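# Remarks on the overall topology
Listed below are the residues making up each chain.
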Amino acid sequence: MALEFRLPDIGEGLTEGEIIKWCVKIGDKVAEHQTVLEVMTDKAAVELPSPKAGIIKEILAKEGDVVPVGTVIFILDDGQTAVTSAGHSGHGHAKPAAKTETKTETKTETKTETKTATAVSAHDDKVRAVPSARRSARDLNVTLADVEGSGRNGVIRRSDVEAVAKSGRNVSSNNNASQISIPAGTRETRTPFVGLRRKIAEQMTRSKFTATHFTVVEEIDVTELVRLRQRAKAIGEKEGTKLTFTAFIMKACASALIKYPELNSMLDEKNNEIVTYHYSNLGIATDTPNGLVVPVIRDAQAKSVLTLSKELDAMADKARNGQLKAEDFQGGTFTISNAGQIGSIHATPIINFPQVAILGVHRLMKKPGVVETPEGDKIEVRQYMNFSISVDHRLADGVSAVRLLVHIKQLLEDPGLLAL
Amino acid sequence: MATMTLIQALTDGMRTALLHDESVLIMGEDVGRKGGVFLATQGLQEEFGEDRVIDTPLTEDGLVGSAIGMATNGLKPIVEIQFQDFIYPAFDQIVSEAAKLRYRSGNQYSAPLVIRTPYGGGIRGGLYHSQSAEAYFCHTPGLKVVIPSTPYDAKGLLLAAIADPDPVIFLEPKALYRAVKGEVPEGYYTVDLSTLRTVRDGKDVTVFCYGAMVPIASKAAELAAAQGIDVEIIDLRTLLPLDEEGVLEAARKTGRVVVLHEAPRFCGYGGEISALIAEHAIEYMEAPVKRVTGFDTPFPNTLEHHYIPNEHRVLDAIEYVYHY
């Protein structure tokens, strides 16, 4: 009379998810489609609803556990079904997280049943790798559990291990001494390193270890843009949107990316191909109470500043209300990170891997500037913003970054050109 | 050098042995006047007389038992069993007596005899004329088991088997008797027992095979080459004792292995190769060892062409291990 709910593949080929929050406890009655838990995927927090009405009989993973797709994470008594499964069964290497198995604190009479269920799948608690990959992993100090297999049914091949070793990712240190443990004091708080923060950490580490970052900075005189925005604001208000600099910057950036597509590309490492995009889906790094997320505005190159502004508003609302869906994060080709409202004059942004470049936008500041007039050079109070672009040097060179920035500079210093 | 079929090379080998060593003799059913059921001994009785090429009654256990007695007393008999399927009446003589004689006598006696017998399908022989029973003999310490696949090897291995001081089961792929031709040196030469032969060099996948399966492996390798898979073919030639180092070296080289034989799979020779690799070369393997074999059924007459592995089945296995 129980339904096993397995962690489904929520996004694009998800292999595991982190349990962020259980919205129910054992014994709770749930309705069909009622949210049972929140899971962190590679890109977003996703709410998982109950497939049926019933009573939560077992909860088999703790908050903070990272669970492979296909693992039974809760058992629902729906009052009718014999033991069946719901959710995706995964790719054959699903395993219950070891911790989950031992820490299940179920004191109901269904305990035996659960034990059997976990025991049956216990043999799957193994990494599937060909023997030569195991040898290679040992020789190269790579943790097999962290390697994605490209073989039949996801089996790890030697080449997968070698690729990871080459990239420098997931190479385990020889001993645990490198794991730093900080003694607890009384004047500190300790917060579990889980959820979005851990996901960001993983993503950033991967990016920093894989992409070969370099950063170029440009100072842009946005005095004209400030004036234009002032005038355009009223139009925006009529249209129901608060025109920000970001919309203009997106427009300029999209134009530049179409002109210099080598920065609007990705490296398909599996197939050894550079994928160049002839559209620009701009990821906008957005601060939320939980941390940084990067929702995507699609086909920015084909949209007006006003449209971009409206879409930004909608996206920001969703982000604030925690309503962003997995698809809102997918398909970005380039990222803009604008912390200018808060401060900063310069940064070395970390690329949103596997994209090739990221644009950092910095604070608007008044400074004395030299203006050329028919009467000669004059010093005036001008408004400036700095832009920094970090680029993966594997795929693009310095000149590409400079060209892109110069193009953006031309458009933003003379914003009438944005209409062209 | 003369070009010969495999069976001509065997005849030439026996003739050479009869000339080379007076203690060599041939015995079997119809080996004399008729020249053997496949004519392997044709003309030898005429040339060497009834004392050296002896027609015997139809009694395999008596035939092998007599040969053991002769062998222990200084002769070197070559026994022909008409089809391997008929060797079972002599099985006790072979595995209980011939194979154990050296051990049982504390190294005082041995039985230096050769039992030649055609094995395998491919000639529409049906249930009782097509079996591949090499595994039974390979399981018996004290025997040697040899299977040639080319005319050159057939003569050289046969002469080495005759010269060997212990009993040798010499299995002849009857499907290849007249299907393969090759250059064979005149006179006496031997091919070392327990050394494998690289039929074709390759870097991606190794196919281990022997006897009638060698040409099948070669056809499969051609098909694989068209897909860019570079297949190495190893002819084992001597199944017992096996060139273990040679097998492991070839397995380590490519990390992807297919074992091919015509005999049924279960407890077949392929399992031994697979286990050897698992024990000593597992860390070099990129894929499981795949076996392509006959089926675990009695040999079927009308379905013979389905039963015997063909190049497409071998290709499937090659692709499987290559893309694993």
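Residues numbered from 1 in each chain as written. Chains lettered and ligands numbered in written order. Predicted model: local features only at pLDDT ≥ 70, side-chain atom pairs only at ≥ 80, totals over all residues. Heavy atoms only, no water.

### Re the overall build of chain B
Helix and strand content of chain B: 12 helices and 14 strands. Out of the 324 residues belonging to chain B, those deemed buried represent 57%. When contacts within chain B are restricted to residue pairs at least 6 apart in sequence, those whose partners lie at least 24 apart make up 83%. (Helix = DSSP H or I, 4+ residues; strand = E, 2+ residues; numbered from the N terminus. Buried < 20%, exposed > 50% of the residue type's maximum accessible area, 1.4 Å probe, protein only. Contact = heavy atoms within 4.5 Å.)

### Considerations on the overall build of chain A
When its secondary structure is counted, chain A shows nine helices and 19 strands. Per-residue burial over chain A gives 44% buried out of 420 residues. Total accessible area on chain A is roughly 22200 Å²; 52% of this is exposed by carbon and sulfur atoms. (Areas by Shrake-Rupley, 256 points an atom, 1.4 Å probe, with all protein chains shown as cover.)

### A word on the confidence of the model for chain A
Caution is warranted with low-pLDDT regions, since their predicted coordinates should not be read in detail. Residues and elements named next belong to chain A. Of all residues in chain A, 85% attain a pLDDT of 70 or more, and the chain-wide mean is 82. Every residue in residues 89-123 is under pLDDT 50, and counting partners more than four places away or in other chains gives 51 contacts. Contacts from residues 173-177, a stretch scored under 50 in pLDDT, to residues over four places away or in other chains number three contacts. (pLDDT = per-residue confidence, 0-100.)

### Focus on unusual backbone geometry
The omega angle of the peptide bond from Phe353(A) to Pro354(A) is 5°, so this bond is cis rather than trans. Secondary-structure assignment places Pro354(A) in the loop between β16 (334-338) and β17 (357-361). Going from Leu240(B) to Pro241(B), the amide bond is cis rather than trans, its omega being -5°. Inspection of the secondary structure puts Pro241(B) in the loop between β12 (238-240) and α9 (244-254).

### Comments concerning the interface of chain A and chain B
With 11 residues of chain A at the interface, the matching set in chain B holds 11 residues. Of the roughly 980 Å² buried at the junction of chain A and chain B (both faces included), carbon and sulfur atoms supply 44%. At the boundary of chain A and chain B, one finds two salt bridges. Across the pair Arg138(A) and Glu283(B) runs a salt bridge whose closest N-O atoms are separated by 2.6 Å. With four residues, helix α3 (residues 131-140) of chain A is the single largest residue contributor to the side of chain A that touches chain B. Class assignment for the residues of the side of chain A that touches chain B results in three nonpolar, two polar and six charged. (Buried area = accessible area lost by both parts, 1.4 Å probe. Salt bridge = Lys/Arg side-chain N within 4 Å of Asp/Glu carboxyl O. Nonpolar A, V, L, I, M, F, W, Y, C, P; charged D, E, K, R; others polar.)

### A closer look at the nonpolar core
Counting 120 residues, the largest nonpolar core has Ile94(B), Phe208(B), Leu236(B), Ile277(B) and Ile318(B) as the members making the most contacts within it. With sequence-adjacent residues up to four places away left out, Ile277(B) is seen in contact with Phe208(B), Val247(B), Leu248(B), Ala251(B), Val257(B), Ile282(B), Met285(B) and Val289(B). Tyr260(A), Val305(A), Ala401(A) and Leu418(A) belong to the second largest nonpolar core, which has 55 residues in total. (Core = buried A, V, L, I, M, F, W, Y, C linked by side-chain atoms within 4.5 Å.)

### Focus: the sheet that holds strand β7 (residues 66-68) of chain A
Residue and element names in this part refer to chain A. Here four strands make up an open sheet; going across it, the order is β5-β4-β2-β7 and the pairing antiparallel. Single-partner strands in this sheet number two, and they are β5 (45-49) and β7. Each neighbouring strand pair of the sheet contributes to a mean axis angle of 40°, computed without reference to strand direction. Two elements, strand β2 (residues 16-22) and β7, share three bridges in a ladder whose sense is antiparallel. When the bridges of β7 are listed, Gly 17 appears paired with Val 67. Contacting β2, β4 (35-40) and β7, helix α5 (residues 195-210) runs over the sheet at an angle of about 25° to β4. (Pairing = 2+ DSSP bridges. Axes fitted to C-alpha atoms, helices over the stretch in contact; angles between N-to-C directions.)

### Regarding the packing of α9(B) against helix α10 (residues 269-280) of chain B
All names here are of chain B. Orientation of α9 relative to α10, taken along the N-to-C sense of each, is 70°, at an axis distance of 10 Å. Overall, the two elements α9 and α10 adopt an arrangement that is roughly perpendicular. Residues Glu 244, Val 247, Leu 248, Ala 251 and Arg 252 of α9 lie in contact with α10, whose contacting residues are Ile 273, Leu 276, Ile 277 and His 280. Looking at the contact of α9 with α10 residue by residue, the class counts come to six nonpolar, one polar and two charged. (Parallel < 35°, antiparallel > 145°, perpendicular 65-115°, else oblique.)

### A short note on the side chain of His407(A)
Residues and elements named next belong to chain A. Along the chain, His 407 turns up in helix α9 (residues 398-413). For His 407, a relative accessible area of 12% gives the class buried. Of the polar contacts made by the side chain of His 407, one reaches the side chain of Ser 255; its length is 2.9 Å. If near-sequence neighbours (up to four positions away) are discounted, His 407 is found in contact with Ala 252, Ser 255, Ala 256, Lys 259 and Tyr 260. (Polar contact = N/O pair within 3.5 Å; in protein donor to acceptor, adjacent residues only side chain to side chain.)

### Considerations on α10(B)
An α-helix turns once every 3.6 residues. As a result, residues three or four positions apart point the same way. Residue and element names in this part refer to chain B. Given a rise of 1.5 Å per residue, 12 residues ought to cover 16 Å, and the 17 Å separating the end C-alpha atoms of α10 matches this to within 8%. Those residues of α10 not exposed but buried are Tyr 269, Gly 270, Ile 273, Leu 276 and Ile 277. For α10, the arc enclosing every buried residue in end-on projection is 125°, short of the 170-degree limit, so these residues lie on one face. (Expected span 1.5 Å × (residues − 1). Arc of directions from axis to C-beta.)

### A short note on the pairing of strand β13 (residues 257-264) of chain B
All names here are of chain B. Taking burial as the measure, the eight residues of β13 include seven buried ones, the bulk of the element. One ladder, built from three bridges, connects strand β10 (residues 205-209) with β13; its direction is parallel. Considered in β13, the bridge of Val 207 is made with Val 258. Judged from the four bridges that link them, β13 and strand β14 (residues 290-294) form a sheet pairing that is parallel. Bridge assignment links Pro 264 to a residue of β14, and that residue is Gly 294. After leaving β13, the chain enters α10 and then returns to the sheet as β14, a path that is right-handed. (Right-handed = clockwise from strand over helix to strand, strands pointing away.)

### Observations concerning helix α8 (residues 213-226) of chain B
Residue and element names in this part refer to chain B. Taking 1.5 Å per residue, 14 residues should reach 20 Å; α8 reaches 20 Å between its end C-alpha atoms and fits that length. Looking only at α8, the buried set comprises Met 213, Val 214, Ile 216, Ala 217, Ala 220, Ala 221 and Ala 224. Taken end-on, α8 shows its buried residues confined to a sector of 150°, consistent with a single buried face. The exposed set on the far side of α8, more than 90 degrees from its buried face, consists of Glu 222 and Ala 226.

### So, the pattern of salt bridges
In total, this model carries 37 salt bridges over all chains according to the counting rule given. A salt bridge links Arg158(A) to Glu162(A); its shortest N-O distance comes to 3.5 Å. Here Arg158(A) pairs with Glu162(A), and both are found in helix α4 (residues 158-167), just four residues apart, close to one helical turn. Arg158(A) gets classed as partly exposed once you look at its relative accessible area, which sits at 30%. Residue Glu162(A) is classed as partly exposed on the basis of its relative accessible area of 36%. Connected through shared salt-bridge partners, Asp153(B), Arg197(B), Asp235(B) and Arg237(B) make up one network.

### Here we look at the environment of Gly228(B)
All names here are of chain B. Locating Gly 228 in the fold gives a position in the loop between α8 and β11 (231-235). A relative accessible area of 49% places Gly 228 in the partly exposed class. For the pair Gly 228 and Asp 204, spaced 24 residues apart in sequence, the C-alpha to C-alpha distance is 9.4 Å. If sequence neighbours within four positions are ignored, Gly 228 has contacts with Asp 204 and Tyr 322.

### Looking at the pairing of β16(A)
Residue and element names in this part refer to chain A. In terms of burial, β16 is a largely internal element, four of the five residues being buried. Bridge count between strand β13 (residues 282-288) and β16: four bridges; the pairing is parallel. If you follow Leu 282 over to β16, its bridge partner there is Phe 334. Pairing geometry for β16 and β17, over four bridges, is parallel. Pairing of Ile 336 across the sheet is with Leu 359, part of β17.

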